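Residue-level listing of the chains:
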Amino acid sequence: MKTVVKHSLILAAILMVIGSVSMPAQDKTIKRKVAIGRFSNETQYAKGLFYDKENDPMRKQALDILSSKLASSGKFILLERDDLDVLVAEAGKDMNKIGADYIILGSITEFGRKAEGQQKVFSSTKTQTVEAGVSIRLVESATGLIIYSDEAKGYAETSTKQTMGLGGTAGYDATLSDKAISAALSQLVENIINKCMDKPWRSYILSVEDGSYIISGGASQGLAAGDTFYVYKKGKVVKNPQTGLDIELPGQKIGSVSVISSYGDTPESEISFCSYEGGSLDAENLSDYYISDK
């Protein structure tokens, strides 16, 4: 009996120890800021004499569908920038001026529709089919490089049938274009998400005030008090003679920042106050450093 009691006490002690040990936190997902830029209609569909490029309905369809799909993933903050095309042109290679981690550029490259009918003695069938082709490029703001580029096609169709003069009759189904574009974008969205989330999240030190290090980003991205991120000194920029492109070499980890509090009303204006631990940091040249979650 004493042995059973002794074993029970030991087991209870073990459970108390296990209960007092906090489980390691899961990897934190920081939402990426994404701006959807130039989404153009490169087809000739519905481009009449009074065609208005800025108010192209098909262009707006694709933009809304892509925005909805990215937002529903819960991993992005979509930045609405009506002047994005102008900002991209002005930024040149310095895409950080856009205020987004990634910029999506897209176009509708193909669009076609057809109607086919089949007439029998007592019945007739009409099938409407729409095909849409979409091209996407994903640009990383920190480097200005295209990290993903692909295109896909989507299809949608509907049928109506009449028997002995009874049944549905329909003109062109306008929702088919939505469905075809959505089907094409669905093939690309998963890759866009994976490319964005696989790469380390980056932020930047904006200022140092009274010993507090102010970085970009806040609550809407998922930053919270107690979160810790690494501080890197940027690597040297070298030119690849094969491509003629500038390449930033891997940075050197010099310390870490811990979030104390966050402020801001919008994703564009959010900042976080942090403490810093690590090697010496030149407060006069903060652009030489960046923050990363990996």
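Residues numbered from 1 in each chain as written. Predicted model: local features only at pLDDT ≥ 70, side-chain atom pairs only at ≥ 80, totals over all residues. Heavy atoms only, no water.

Draft legend 1. Structural detail: the nonpolar core. Grouped together as the largest cluster of nonpolar side chains are 32 residues, with contacts concentrated most on Phe39, Leu66, Leu70, Ile104, Ile136 and Ile181. Contributing elements (two or more residues each) for this core: strand E1 (32–41), helix H2 (57–72), strand E3 (102–119), strand E4 (123–140), strand E5 (145–163) and helix H4 (175–198). Residue contributions to this core peak at 11 residues, all from H4. The contact partners of Ile104, leaving out residues within four places of it in the chain, are Val34, Ala35, Ile36, Gly37, Arg38, Leu66, Leu70, Ile136, Arg137, Leu138 and Ile192. Phe229, Val231, Tyr276 and Ile291 belong to the second-largest nonpolar core, a separate cluster that totals 17 residues. (Core = buried A, V, L, I, M, F, W, Y, C linked by side-chain atoms within 4.5 Å. Buried < 20%, exposed > 50% of the residue type's maximum accessible area, 1.4 Å probe, protein only. Helix = DSSP H or I, 4+ residues; strand = E, 2+ residues; numbered from the N terminus. Contact = heavy atoms within 4.5 Å.)

Draft legend 2. Spatial organisation of the sheet that holds strand E9 (residues 212–216). Strand order in this open sheet of 7 strands is E7-E15-E10-E13-E14-E9-E8, and the pairing throughout is antiparallel. Whereas interior strands pair on both sides, the edge strands pair on one side only; in this sheet they are strand E7 (202–203) and strand E8 (205–209). Note that E7 and strand E15 (residues 289–292) share 2 bridges and pair antiparallel. Within the sheet, the bridge partner assigned to Arg202 lies in E15 and is Ser292. (Pairing = 2+ DSSP bridges.)

Draft legend 3. Summary view of the packing of aromatic side chains. Taken as a whole, this structure holds 4 aromatic pairs when the rule is applied. Look at Trp201 and Phe229: their rings are 5.1 Å apart centre to centre, the planes differ by 55°, and that puts the pair in the tilted class. With Trp201 in the loop between H4 and E7 and Phe229 in strand E10 (residues 228–233), the pair connects residues that are 28 residues apart, well separated along the chain. Each of the two residues, Trp201 as well as Phe229, counts as buried. Taking the ring centre of Tyr290 as reference, the NZ or CZ of Arg202 above it sits at 3.7 Å. Over the aromatic face of Tyr230 sits the side chain of Lys253, whose NZ or CZ is 4.0 Å from the ring centroid. (Phe/Tyr/Trp six-rings, centres within 6.5 Å; stacked < 30°, edge-to-face > 60°. Lys NZ or Arg CZ within 6 Å of the ring centre and 35° of its normal.)

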